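Chains, contacts and geometry: an overview
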Amino acid sequence: MTPLLQVDNLRIELTTRDGVAPVIDDLSLQLNAGETLSFVGESGCGKSMTALALMGLLPEGVGRVASGKILFDGEDLTQASDARLREIRGNEISMIFQEPMTSLNPVYTIGEQIAEVLRRHQNLSKKAAWNKAIELLDAVRIPNPSARVSDYPHQMSGGQRQLVMIAIALACEPKILIADEPTTALDVTVQAQIFDLLRDLGREFGTAIILITHDMGAVADMAERMIVMYAGRKAEAGPVEQVIEHPRHPYTKGLISCVPHLIATLTEERPELTEVAGIVPSLRDFGRDQCLFASRCDRADQQCKSSRPPEIEFDDGQSSACWHAEQL
Amino acid sequence: MNYLLPVIQRIFYAVMLLVAVLILNFSMLHLAPGDIADTIAQASGGASPEMMAQIRQDYGLDQPFLVQLGQYIGKVLTFDLGYSFFYNQPVTTLIFEKLPATLLLVITAQLLALLLGVFLGVFSARNPKGIVSYLVTFIALFGYAAPVFWTGILLLIAFSLKIQLFPVAGMIDVTVEGGWFVRALDIARHMVLPVLTLSSIFLALYSRLCRASMMEVLGSDYIRTAKAKGLSERQITYKHALKNSLSPVVTLAGLQFSAVVSGAVLVETVFSWPGLGTLALQSIIARDTPTILGILFFSALVVIVGNLITDLVLRLIDPRVGKSS
């Protein structure tokens, strides 16, 4: 079976004041239909840039795909025309964002903003699109949808706005939904609600989900496979349970030990809460031929500082870019 | 109902404001030395104190200030603005004769500046490094820097004198004969230069503001959402971005309405446009108090109505306006 989405050796370059830096370097991944894949990593590690690249929405004049392929159903999106990308966006691949408070247009009703995407991609009439918008509001569990449909965004809470964003994203029953930190700006009770909804609707529509987050708990709950990113490079990838139980990269290990409840539920013991010491290297150092995590790693040796570790594949589907992966 | 109540409230405030303007105008002119009796006496080459007293009694000037003020407001409320001895006509008649010409000039100039300003602003926001963007910056600098009467005179020299495209002065050619269409065409020909002159400053203001607010809006999260929906560039610009970036432009246009009216005084003078501005200048020179008061009243009325309309338009553009309080 060919995967729904296959990314091969993707390199994304950002033009900054200090020159060109690879914000994503040599990233490969596969996403099968209907599965949930999670992207984990600190701020600035390139998670969101990958998402924008998949949508063809890299900031114009600043970011560009330098090399590599993004194959969606066998079609290379890096070579697709703008018109073709617009056909795919919101229809076959859609996205929800981190900032529900500002992601909806304040001067149009939410009904109009949902109906618009239906008119654009499914050629529904005004009336039919509006009725479908009410159905979608019901599907994302907004109470009293036929009244709320003519509300403006400022009349809704942050959580409700994110529900509306999900309704917009799922309106055309896309094959892939990219959720870029969908709950970061929301409070905990709403977070659980959003994740439940994403999981249920993902199953109902057969939509594959790429969940970008730094919430390891959400990853454990939601995803089948995960990719840990560090400084624009893939650090580790594999099935979620396996990676959490037996991380094969010191950075993943550090990330997991930062989450107390995760360890408590999995191993029933409560070690000291730790942090990953040190800071992420600056963007300008991203291209260096070394392990970028070496400066924060207690296992780092001369080899780590002088050449970039290759990706080591394990039999069980896990892979790790660490010189010491086998000893971990 | 939700929409109507605040509107009625706004109209009530507008009327109260107008009464305040009336009281202020009247009081200030009352404080100024000299009155109609002095002017009449001067015009007729001197008068005895008895005659002066007689004139003051005739005009009700011997009454206490508050009584005079009350009488004036009472008269204004019945649309009686007094009698101009200089023009020998009721002020109301005088103003209604000139008002249409001014309104025509002011509204056309304002609309032109708004439409063209928004268009240029949007265009240059989409191509910030394009030639139009630099053109907008140039127009803006020129519009800010050049005094409006100087722009007017330059346009006159260029397009009436050197290239005889447009008439030098006035609103309509007395020799023109024909139906309403021919006359309208002639008025339009006379309007070109004054309207261009008057709109030049505001065009600069609006295009700059629209460019800035459009660029800000184009970088916002909901524009990214619109792109993620697969909408076309045109839908994103004109549906999602424009409506959001219009609010500051409309607000400024409303505030500038008073400036447009006062700018009309200068422009009308340069182009001998037979409107309120020309009338105002002449009656100030002639110390024709009732006419000045009347014109002040009407300018205030135009500005207040302009602001009221702005307020209502803003409510239509942005559903959040007036909801928070």
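Quick notes on the rules
- Residues numbered from 1 in each chain as written.
- Chains lettered and ligands numbered in written order.
- Predicted model: local features only at pLDDT ≥ 70, side-chain atom pairs only at ≥ 80, totals over all residues.
- Heavy atoms only, no water.
- Contact = heavy atoms within 4.5 Å.
- Buried area = accessible area lost by both parts, 1.4 Å probe.
- Salt bridge = Lys/Arg side-chain N within 4 Å of Asp/Glu carboxyl O.
- Polar contact = N/O pair within 3.5 Å; in protein donor to acceptor, adjacent residues only side chain to side chain.
- Helix = DSSP H or I, 4+ residues; strand = E, 2+ residues; numbered from the N terminus.
- Nonpolar A, V, L, I, M, F, W, Y, C, P; charged D, E, K, R; others polar.
- Buried < 20%, exposed > 50% of the residue type's maximum accessible area, 1.4 Å probe, protein only.
- Pairing = 2+ DSSP bridges.
- Right-handed = clockwise from strand over helix to strand, strands pointing away.
- Core = buried A, V, L, I, M, F, W, Y, C linked by side-chain atoms within 4.5 Å.
- Domains from an automatic or database assignment.

Looking now at the interface of chain B and chain A. It is common to give the size of an interface as the accessible area lost on bringing the parts into contact. The interface is formed by 19 residues belonging to chain B together with 25 residues belonging to chain A. Across the interface of chain B and chain A, roughly 2,100 Å² is buried in total on both sides, 56% from carbon and sulfur atoms. Looking only at chain B, the three residues that lose the most surface to chain A are R224, K229 and K239 of chain B, adding up to 28% of its buried area. Between E116 of chain A and K229 of chain B there is a salt bridge; the shortest N-O distance is 2.8 Å. Counting across the chain B and chain A interface gives 16 residue pairs in polar contact (both at pLDDT 80 or more). Secondary-structure elements contributing two or more residues to the side of chain B that touches chain A are α9 (221-228) and α10 (233-270) of chain B. Counting residues per element, the side of chain B that touches chain A draws most heavily on α9 of chain B, at six residues. Of the residues contributing to the side of chain B that touches chain A, the split by class is five nonpolar, five polar and nine charged.

With that settled, consider unusual backbone geometry. Excluding glycine, residues mostly have negative phi values, and the peptide bonds linking residues are mostly trans. Residues and elements named next belong to chain A. Residue N9 is not a glycine yet carries a positive backbone phi of 45°. Secondary-structure assignment places N9 in strand β1 (residues 5-16). For N9, a relative accessible area of 43% corresponds to the partly exposed category. Phi at E181 takes a positive value of approximately 45°, unusual for a residue other than glycine. Topologically, E181 is positioned in the loop between β7 (176-180) and α7 (188-205).

This part is about the pairing of β7 of chain A. All names here are of chain A. Where burial is concerned, most of β7 is hidden: five out of the five residues are buried. Here strand β6 (residues 93-96) runs beside β7; their pairing, made up of four bridges, is parallel. Residue pairing in the sheet places I96 in a bridge with A179 of β7. One crossover worth recording links β7 to the parallel strand β8 (residues 208-213) by way of α7, and it is right-handed.

Let's shift gears to the nonpolar core. Side chains that are nonpolar tend, in soluble globular proteins, to be buried together. Of all hydrophobic cores here, the largest spans 79 residues; its most connected members are L5, I178 and L198 of chain A. Of the residues forming this core, the biggest block, eight residues, is contributed by helix α6 (residues 158-170) of chain A. The residues touching I178 of chain A, leaving out its near neighbours within four places in the chain, are A51, L54, M55, I93, S94, M95, I96, I210 and I212 of chain A. Counting residues in hydrophobic clusters, the runner-up holds 44 residues, among them L105, L231, V261 and F271 of chain B.

This next bit is on the domain arrangement of chain B. All names here are of chain B. Parsing chain B into structural domains produces domain 1 (4-91) and domain 2 (92-324). Put simply, the middle of domain 1 and the middle of domain 2, counted by C-alpha atoms, are 32 Å apart. Carbon and sulfur atoms supply 73% of the area buried between domain 1 and domain 2, which totals about 2,400 Å² over both sides. At the surface where domain 1 touches domain 2, the tally comes to one salt bridge. Measuring nitrogen to oxygen at the nearest pair gives 2.9 Å for the salt bridge that ties R10 to D311. Along the contact surface separating domain 1 from domain 2 lie 10 residue pairs in polar contact (both at pLDDT 80 or more). Put simply, the parts of the chain that give the side of domain 1 that touches domain 2 at least two residues each are α1 (4-31), α4 (65-77), β1 (83-84) and β2 (89-90). Take the side of domain 1 that touches domain 2: its biggest share by element is 12 residues, from α1. Here the side of domain 1 that touches domain 2 is composed, by residue class, of 20 nonpolar, four polar and two charged.

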